[in-house]
Amino acid sequence: MRCRLIGWLGCAGLLVMLLPAQGDATIRELRMAQAGLDPAMLASAPSVRLFGLGGLDLSVPDEANELNVYDFGANVSGLLQDADSWVIESWLGNHRHALEQGNSSFERSCRHSGIQSVYRGGSAAYGMDINWSYFEGPDSEGNSNRVSGPLVSVLANQVMGPVTLGLRIGSEAENEDHEADDFFGVHHQQSRTVGQIGAHAGLLGLTFGAAWDFARGEVRGKSEDPSRFHSDDLTWTRPVDRYSFFCLLAGGGALEGGVRTSFLDREGSERIAVSWSDDSPQNPSQTDYFGEAVTFWEDERDLEIETRWRVRPNRRMVLGFSGAYRDEERTVIEAVNFKGSLRAGTSAVTSISTGAGLSVRLMDGRLLGIVEGRGEMRDWTSGEAGEFREGTARSLLGGVGLEYFLGPTVLVRGGLSLGSRDQDVDEPLTLAMTQAFSGGLSWLGRGGLIQVHAGIRYERFDRKDSQALGVADGNAISYALGLRLLP
């Protein structure tokens, strides 16, 4: 056992030492966050069942949201906990937003697909995960951006006495097509190595664990006008080193839950290699110019603390509770000579969210009824181009869902939710109302060894006041398909 432990630690250390010295965050995640979308919506192995229920998950146990090391703890060392020897999952999803804001209209489109295969046996587990994702939407200046690429990862677990070790290592590639009239517009490509090293162990009836998520690589940018008056190469480094810790009370009893915390402290920058011709209309020197410089420096920090609990008063009922605190700050300082991939500015957000849900099984277990409510308050500040703004945002959401066994192998489900989103509770004309309808269907063949899931969701965003031109108005429609095999 000691030799295997030394071998595991040696392999993990060798992998990390072979990686380049700095890392970056994916371009797609950055573009989605800038658009106000959660990048987690394109994560691997999504639950199509919960999608069909409208995302009501606080009191609904599911393969994708168990209060265990892998799902809640977000720790790869929990891969071994599932009892099945082989699990193969594949998925396909599409999300399209059509919005109007002010006098402009635009669309955002997200897609992803993939397959995950995991074998669990004895004291070890091994697997592979392939996820392809795509995002298209306008940037802050209204230009079109399309980012797509695959992420291919291998996963492994090994029990070493009282400790279970986990490793995820993968390669991610992305390409960004940037359509803009900007003379100095930049499009990006990247190829990076991503992964996680995690571990967990039990003590005094609790499970404790920790993980290190990392990414190593560079974002390569190209700025080139059609006439080749200039051809600039940009190298953008964004170190990713996220550390997380959790404590779980698990075991499937009347009470289960836990607490998880994670933090990130990142400093990045971008360098440019400039090549301008003497007849470039943007070259005041009127001579061929070559040079290198820094375009910007960035500093990003965040801290997140989350807790989630489920209580089972009896065999038919589950109560779910959640709470989270998040604090994040970001600063971008631009150099004076050349334009880069990010604009100067500062932002900070502190948020507190909470939620509660109830699910009850009726009709001898054939019908599942769910009711859930969530709320969030966010204090935010931002400063760009010398303009400083601050405010407090609030969002509220309430939903109901039903899932019914039509027969031994067929389930139907649906969900309805109503909510509100206020960008600044202290200002007028900042409130939007939301309505969402979802539905889904599952077929469970061979006693559940073959599972086919489908879901669809429609969401509507409406300004509370027609004069609120700063609030987006429109709709979103999404669908998802999933296949789960237990050979």
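Now for a description of the structure that goes with this document. (Residues numbered from 1 in each chain as written. Predicted model: local features only at pLDDT ≥ 70, side-chain atom pairs only at ≥ 80, totals over all residues. Heavy atoms only, no water.)

The next thing to look at is the overall build of the chain. Each helix and strand in the chain was counted, giving three helices and 19 strands. Across the 487 residues that make up the chain, the buried fraction comes to 44%. A sequence separation of at least 24 residues applies to 63% of the contacts in the chain between residues at least 6 apart. Split by element, the accessible area of the chain, about 23,600 Å² in all, is 58% carbon and sulfur. (Helix = DSSP H or I, 4+ residues; strand = E, 2+ residues; numbered from the N terminus. Buried < 20%, exposed > 50% of the residue type's maximum accessible area, 1.4 Å probe, protein only. Contact = heavy atoms within 4.5 Å. Areas by Shrake-Rupley, 256 points an atom, 1.4 Å probe, with all protein chains shown as cover.)

This part takes up a nonpolar patch on the surface. Together, Leu92, Val371, Val400, Leu416, Leu418, Phe437, Ile456, Tyr458, Ile477, Tyr479 and Leu481 make up a nonpolar patch on the protein surface, roughly 940 Å² of accessible area in all. Broken down by element, the nonpolar patch gets its largest block of residues, three residues, from strand 19 (residues 473-485). Take Leu418: it is sitting in strand 16 (residues 410-422). (Patch = residues over 30% accessible without salt bridge, like charges linked within 9 Å, V, L, I, M, F, W, Y side chains within 5 Å. Salt bridge = Lys/Arg side-chain N within 4 Å of Asp/Glu carboxyl O.)

Before going further, it helps to examine the side chain of Arg216. Assignment of secondary structure puts Arg216 in strand 7 (residues 206-224). We classify Arg216 as buried; its relative accessible area is 10%. Within the local environment of Arg216, its side chain forms a polar contact with the backbone oxygen of Val240, the two atoms lying 3.3 Å apart. (Polar contact = N/O pair within 3.5 Å; in protein donor to acceptor, adjacent residues only side chain to side chain.)

For the structure on display, the rule yields 33 salt bridges. Its salt-bridge partner being Arg238, residue Glu300 comes within 3.5 Å of it at the nearest N-O pair. Taken as a pair, Glu300 in strand 11 (residues 289-311) and Arg238 in the loop between strand 8 (231-237) and strand 9 (240-249) lie far apart in primary sequence, 62 residues in all. By the burial criterion, Glu300 is buried, and Arg238 matches it. Connected via shared salt-bridge partners are Arg238, Arg266, Glu298, Glu300 and Arg330.

If you walk through the whole model with that rule in mind, you get five aromatic pairs. Centre to centre, the rings of Trp212 and Phe214 are 4.7 Å apart; their planes meet at 45°, and the pair counts as tilted. Where Trp236 meets Phe296, the ring centres are 5.6 Å apart and the plane angle is 85°; that geometry is what we call edge-to-face. One end of the pair, Trp236, is in strand 8; the other, Phe296, is in strand 11, with 60 residues separating them in the sequence. Considered together, Trp236 and Phe296 belong to a single accessibility category, that of buried residues. (Phe/Tyr/Trp six-rings, centres within 6.5 Å; stacked < 30°, edge-to-face > 60°.)

For the rest of this paragraph, the subject is the environment of Ala432. Here Ala432 lies in strand 17 (residues 431-445). With 13 residues separating them along the chain, Ala432 and Gly419 place their C-alpha atoms 8.6 Å apart. Aside from chain neighbours lying at most four places away, what touches Ala432 is Gly419, Ser420, Arg421, Asp462, Arg463, Lys464 and Val471.

So, on to the pairing of strand 19. Sheet topology places strand 1 (residues 86-101) next to strand 19; 13 bridges connect them, and they run antiparallel. Pairing of Leu99 across the sheet is with Gly474, part of strand 19. Pairing of strand 18 (residues 450-463) with strand 19, which is carried by twelve bridges, proceeds in the antiparallel orientation. When the bridges of strand 19 are listed, Ala454 appears paired with Leu481. (Pairing = 2+ DSSP bridges.)

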